[in-house]
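Here is how the chains run, residue by residue.
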Amino acid sequence: MIKIYNTLSRQLEEFKTIEPGVVRWYNCGPTVNGLMHLGHARSAVAFDIIRRYLEYREYKVRYIMNFTDIEDRMIEVATNEKRSVLEVAEEYLRGFRRDMRALNLKEATIHPRAMLHINHMIEFIQKLEEKGFAYENNGDVYFDVRKFKEYGKLSNQKLDNILQEGTEDAKNPNKRFVADFALWKKKKPGEPYWPSPWGEGRVGWAIECSTMSMEYLGDTLDIHSGGQDLIFPHHENEIAQSETLTGKPFAKYWMHNGYININKEKMSKSLGNFTNVVDLLKHYSADAVRIFIAQTHYRSPIDFTEDIIDQAQNTANKLFEIFLLIKCFSKKEDTDSSLVESDNEMLKTVEQSRVAFVEAMNEDFNTSNAFAVIFNLTKEANDYIRKSDEVKLEVVQAIDMFFDELRSVFGIFEDIDEDDSTKTIGTLVELLIELRQEFRKDKNWTMSDKIRDNLKEAGITLEDTPKRILWKLTEQK
RNA sequence: GCGGAGAUAGCAAAACCUGGCCAUGCUGCGGUCUGCAAAACCGCCGAUCGGAGUUCAAAUCUCCGUCUCCGCUCCA
């Protein structure tokens with residue numbers, strides 16, 4: 001049984017989809033007005049792993065992640081850079097797609113763009129108006145939050161406490177009530193606009209997500225997710241509009257990931273401490289970044305420092321080595337001899353690890369504990385390869401199969417394999433190892449060390465273990 | 001002011017809902033193995049913010065306090 005923490009109820013709930021075996025999931029995507037930064041990455045990777053886990057548990061996941069390409073901040077950037085909103089959108093959309101691929105994020109089922117759904121949004125607003133929950137004033141259209149009795153249920157706020165007088169938005173004379181939010185905004189000079197029943201203008205932010213999610217997933221979603229900062233007002237507003245329109249719950253489970261701080265400070269433009277994914281990937285592998293994110297539970301805050309990402313890179317390198325070692329052994333010839341006790345114990349450990357892994361992930365996707373399981377298993381696997389009298393194919397293949405599962409859930413080292421050039425090198429290296437063993441038998445340390453040292457210089461590290469000699473290509477990063 | 005999250009070893013982090021010898025990773029120290037080295041494995045060091053309460057038993061529940069972060073304005 002999978003348990004999910006639901007922001008709406010503020011507790012763990014059993015995960016039950018509306019349609020058995022199918023997950024309808026809308027993840028609030030980014031506004032494409034800049035480069036993908038660490039905050040986007042945290043959210044995207046955390047939910048990517050959860051999605052992959054649900055797929056691992058054989059759910060069919062319909063995963064929608066939007067790109068917001070028309071919004072206040074888009075216009076702001078376009079104005080500053082003296083370009084059209086469309087140009088800005090195109091550029092950063094490409095950037096996001098590139099960085100998302102680099103981070104090995106699975107492609108969403110659909111990545112809808114707001115600008116292509118304006119007509120549906122207008123229809124949505126019209127229906128709200130017909131129902132009497134929206135009102136037009138001077139070319140703007142607002143949602144009348146006081147009519148939606150449950151407003152504030154997601155963010156756990158009372159209407160009286162929402163929006164203090166004195167904020168800029170509260171002074172807007174077109175609104176009847178301070179907390180009312182814009183569904184449609186009258187065009188301003190120089191801004192992109194669309195025709196509508198209320199005159200020329202553009203859509204409000206929250207209506208974009210409501211419209212697109214319902215268009216692709218129906219009236220009620222299983223999961224709606226995003227960063228914690230979206231709880232209010234964005235998701236609160238989505239609930240108000242959507243539930244007013246359909247009279248049904250908008251989403252069963254609301255999931256929100258924790259923030260990333262940089263050296264104990266919020267990542268923000270004014271502090272100039274944005275860490276962009278492109279820059280990060282210049283120094284660290286995507287696997288390290290994903291491990292860095294997955295080692296903390298998705299709801300906990302992360303304080304990003306260089307030290308921590310270095311540690312994650314270190315962990316990534318170690319995992320890579322044992323993964324590759326097992327992968328290589330899983331492709332060797334079978335030995336024909338029957339399993340001994342230590343083999344059976346290893347097989348048992350793999351099975352127990354799988355159970356423990358599933359248990360950890362079932363508990364609101366406890367990736368920290370899942371990693372603890374992985375580390376414990378890699379210890380055993382390392383021992384098995386180095387200390388068994390004979391490495392049995394059946395055993396390494398069982399380990400490798402589970403490692404494959406882990407790699408695909410966490411989205412790390414998915415392309416791990418020997419390529420052809422490695423195989424050729426392997427044949428040569430094994431020849432040299434044999435030669436070196438001859439020298440070692442004769443206690444000719446000068447020659448044996450020379451082989452080892454020269455190989456090391458060539459980027460190949462030898463490892464003398466009790467039972468056999470292992471070799472590996474020296475890490476690049 | 002209102003709402004939320006949090007404080008666990010040198011660093012990171014889990015367990016907290018559902019009370020029962022504080023997982024796990026990195027670092028440091030020692031050991032095993034080895035001709036040596038490296039690796040790997042084993043062991044050790046070391047922590048529940050402070051105070052009170054409930055309890056046979058508290059990191060976990062309750063209360064008080066201190067501190068940090070976030071939201072209430074565009075944010076993942």
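Residues numbered from 1 in each chain as written. Chains lettered and ligands numbered in written order. Predicted model: local features only at pLDDT ≥ 70, side-chain atom pairs only at ≥ 80, totals over all residues. Heavy atoms only, no water.

Each helix and strand counted, chain A has 14 helices and 15 strands in total. Reported as C-alpha extents along the three principal axes, the dimensions of chain A are approximately 95 × 50 × 35 Å. A fraction of 77% describes how many contacts in chain A between residues 6 or more apart in sequence connect residues 24 or more apart. When the accessible surface of chain A is split by element, carbon and sulfur atoms take 49% of a total near 22,900 Å². Across chain A, the centroid of the 65 positively charged side chains sits 3 Å from that of the 80 negatively charged ones. (Helix = DSSP H or I, 4+ residues; strand = E, 2+ residues; numbered from the N terminus. Contact = heavy atoms within 4.5 Å. Areas by Shrake-Rupley, 256 points an atom, 1.4 Å probe, with all protein chains shown as cover. Lys, Arg positive; Asp, Glu negative; His and termini not counted. Charge placed at Lys NZ, Arg CZ, Asp CG, Glu CD.)

Right, let's talk about the pairing of strand E10 (residues 251-257) for a bit. The buried count for E10 comes to six of seven residues, which makes it a mostly enclosed element. With six bridges connecting them, strand E9 (residues 221-227) and E10 associate as parallel partners. If you follow His224 over to E10, its bridge partner there is Trp254. Following the chain from E9 across helix H6 (residues 231-246) to the adjacent parallel E10, one finds a crossover that is right-handed. (Buried < 20%, exposed > 50% of the residue type's maximum accessible area, 1.4 Å probe, protein only. Pairing = 2+ DSSP bridges. Right-handed = clockwise from strand over helix to strand, strands pointing away.)

Here the focus is the nonpolar core. With 135 residues, the main nonpolar core has Leu54 and Phe357 as its most contacted residues. Here this core takes 10 residues from helix H1 (residues 38-56), the largest share from any one element. For this core, the two domains that each supply at least three residues are domain 1 (18-283) and domain 2 (318-410). With near-sequence residues (within four places) excluded, Phe357 lies in contact with Tyr53, Tyr56, Ala370, Val373, Phe402, Leu406, Val409 and Phe410. Residues Leu455, Ile460, Leu462 and Trp471 belong to the second largest nonpolar core, which totals eight residues. (Core = buried A, V, L, I, M, F, W, Y, C linked by side-chain atoms within 4.5 Å. Domains from an automatic or database assignment.)

With respect to the helices, strands and loops of the structure, Asp144 is situated in the loop between strand E6 (140-143) and strand E7 (181-186). With near-sequence residues (within four places) excluded, Asp144 lies in contact with Phe133, Tyr135, Arg176 and Asp180.

A cluster of acidic residues, Glu333, Asp334, Asp336 and Glu394, forms a negative patch at the surface. Overall, Glu394 belongs to the partly exposed group, its relative accessible area being 47%. (Patch = residues over 30% accessible without salt bridge, like charges linked within 9 Å, V, L, I, M, F, W, Y side chains within 5 Å. Salt bridge = Lys/Arg side-chain N within 4 Å of Asp/Glu carboxyl O.)

In spatial order, the strands read E4-E3-E9-E10; together these four strands make up an open sheet with parallel pairing. The open sheet has two edge strands with one neighbour each: strand E4 (60-65) and E10. Sheet twist, expressed as the mean angle between neighbouring strand axes with direction ignored, is 20°. Sheet strands in contact with helix H5 (residues 205-217) are strand E3 (22-27), E4 and E9, and its direction is about 160° off that of E3. (Axes fitted to C-alpha atoms, helices over the stretch in contact; angles between N-to-C directions.)

Take the sheet that holds strand E5 (residues 134-137) next. The strands making up a sheet associate through backbone hydrogen bonding, with each pair oriented either parallel or antiparallel. Pairing within the open sheet is antiparallel, and its four strands lie in the order E5-E6-E7-E8. Every interior strand has two partners, whereas the edge strands, E5 and strand E8 (201-203), have only one. Each strand of the sheet is rotated relative to its neighbour by a mean of 20°, with strand direction disregarded. For E5 and E6, the ladder comprises four bridges, and the chain directions are antiparallel. If you follow Tyr135 over to E6, its bridge partner there is Tyr142. Of the strands in this sheet, E5, E6, E7 and E8 touch helix H4 (residues 118-130), which is tilted by about 120° from E7. The strands touched by H6 within the sheet are E6 and E7, with E7 carrying the most contacts at an inclination of about 85°.

Below, the discussion takes up the packing of aromatic side chains. Enumeration over the complete set of coordinates arrives at 23 aromatic pairs. Look at Phe47 and Tyr298: their rings are 6.3 Å apart centre to centre, the planes differ by 55°, and that puts the pair in the tilted class. Taken together, the positions of Phe47 in helix H1 and Tyr298 in the loop between helix H8 (286-294) and strand E13 (302-304) put the pair 251 residues apart, joining distant regions of the chain. For the pair shown, Phe47 and Tyr298 are each scored as buried. Taken together, Tyr53, Tyr56, Phe357, Phe365, Phe371, Phe375, Phe402 and Phe410 form an aromatic cluster joined through their ring pairs. Note that Arg299 overlies the ring of Tyr298, its terminal NZ or CZ placed 5.9 Å from the centroid. (Phe/Tyr/Trp six-rings, centres within 6.5 Å; stacked < 30°, edge-to-face > 60°. Lys NZ or Arg CZ within 6 Å of the ring centre and 35° of its normal.)

It is worth spelling out the domain arrangement of chain A at this point. Many analyses report the size of an interface as the accessible area lost when the parts associate. Each assigned domain of chain A is listed here: domain 1 (18-283), domain 2 (318-410) and domain 3 (420-473). Distance between the C-alpha centres of domain 1 and domain 3: 57 Å.

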